[in-house]
Amino acid sequence: QVQLVESGGGLVQPGGSLRLSCAASGIILRVNVMGWYRQAPGKQRELVATVTAGGGTNYADSVKGRFTISGDNAKNTVYLQMNSLKSEDTAVYYCNAEYVDARSLSRKTLWGQGTQVTVSS
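Quick notes on the rules
Residues numbered from 1 in each chain as written. Predicted model: local features only at pLDDT ≥ 70, side-chain atom pairs only at ≥ 80, totals over all residues. Heavy atoms only, no water. Phe/Tyr/Trp six-rings, centres within 6.5 Å; stacked < 30°, edge-to-face > 60°. Helix = DSSP H or I, 4+ residues; strand = E, 2+ residues; numbered from the N terminus. Buried < 20%, exposed > 50% of the residue type's maximum accessible area, 1.4 Å probe, protein only. Lys NZ or Arg CZ within 6 Å of the ring centre and 35° of its normal. Core = buried A, V, L, I, M, F, W, Y, C linked by side-chain atoms within 4.5 Å. Contact = heavy atoms within 4.5 Å. Pairing = 2+ DSSP bridges. Axes fitted to C-alpha atoms, helices over the stretch in contact; angles between N-to-C directions. Disulfide = S-S within 2.5 Å.

The next thing to look at is the packing of aromatic side chains. The final tally for this structure, using the stated rule, is one aromatic pair. Judged by centre distance (5.0 Å) and plane angle (70 degrees), the ring pair of Tyr-37 and Trp-111 falls under edge-to-face. Of this pair, Tyr-37 sits in strand β4 (residues 28-39) while Trp-111 sits in strand β10 (residues 107-111); the two residues are 74 residues apart in sequence, bridging distant segments of the chain. You can call Trp-111 partly exposed: its relative accessible area is 37%. Lying over the aromatic face of Tyr-94, Arg-45 brings its terminal NZ or CZ to 3.7 Å of the ring centre. For Arg-45, the ring lying beneath its charged end belongs to Trp-111, and the centroid distance is 4.6 Å.

Rendered as structure tokens:
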């Protein structure tokens, strides 16, 4: 069974930094895209950043210049370095992976369980 394991959330002061990690494990032939989404209380889940297996990245305008996403294809792992954090970055952050299942050879999407990021003084 494929699963995503997230780590790195927590409480940080405004202007601080955090690094999130997400590792995919299981019978995976290939991971095509991994990314981070977030959901604040009372709001819809929104894209934060994605990275393709080829290294292409995409960011929400609100995090450009502050967050950096990177991936390690060998480890099926994605990282999100978050700098200059603001109170409005407070949310549950969810990892997402689009991958090819090694048994069925079908394309699937998986979500992590979420990790809380709180930016507060």
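From this point on, the discussion continues.
What follows covers the nonpolar core. Met-34, Trp-36, Leu-80, Met-82 and Tyr-93 are the most contacted members of the largest nonpolar core, which has 32 residues in total. Setting aside its immediate chain neighbours within four residues, Leu-80 contacts Leu-18, Arg-19, Leu-20, Trp-36, Val-48, Ala-49, Phe-67, Thr-68, Ile-69 and Tyr-93.

With that settled, the discussion passes to the environment of Leu-20. Topologically, Leu-20 is positioned in strand β3 (residues 18-25). With residues up to four places along the chain from it excluded, the contact list for Leu-20 reads Ser-7, Gly-8, Gly-9, Trp-36, Val-78, Tyr-79, Leu-80, Met-82, Tyr-93, Thr-115 and Val-117.

Taking strand neighbours across the sheet as the criterion, the four strands line up as β1-β3-β8-β7 in an open arrangement whose pairing is antiparallel. Edge positions in the sheet fall to β1 (3-7) and β7 (67-72), since each has one partner strand and no second. Mean inter-strand twist for the sheet, computed between neighbouring axes without regard to direction, equals 15 degrees. Note that β1 and β3 share five bridges and pair antiparallel. Of the residues in β3, the one forming a bridge with Leu-4 is Ala-24.

Going through the model one piece at a time under the given rule, you end up with one disulfide. Two residues share a disulfide in this structure: Cys-22 and Cys-95, whose sulfurs sit 2.0 Å from each other. Judged by the torsion about the S-S bond (-85 degrees), the Cys-22/Cys-95 disulfide is left-handed. Separated by 73 residues along the polypeptide, Cys-22 in strand β3 and Cys-95 in strand β9 (residues 91-101) bring together distant segments of the chain.

Its location among the elements puts Lys-86 in the loop between β8 (77-82) and β9. Lys-86 gets classed as partly exposed once you look at its relative accessible area, which sits at 36%. Each C-alpha atom of the pair Lys-86 and Val-12 lies 9.4 Å from the other, and the pair is 74 residues apart in sequence. Setting aside its immediate chain neighbours within four residues, Lys-86 contacts Arg-66 and Val-119.

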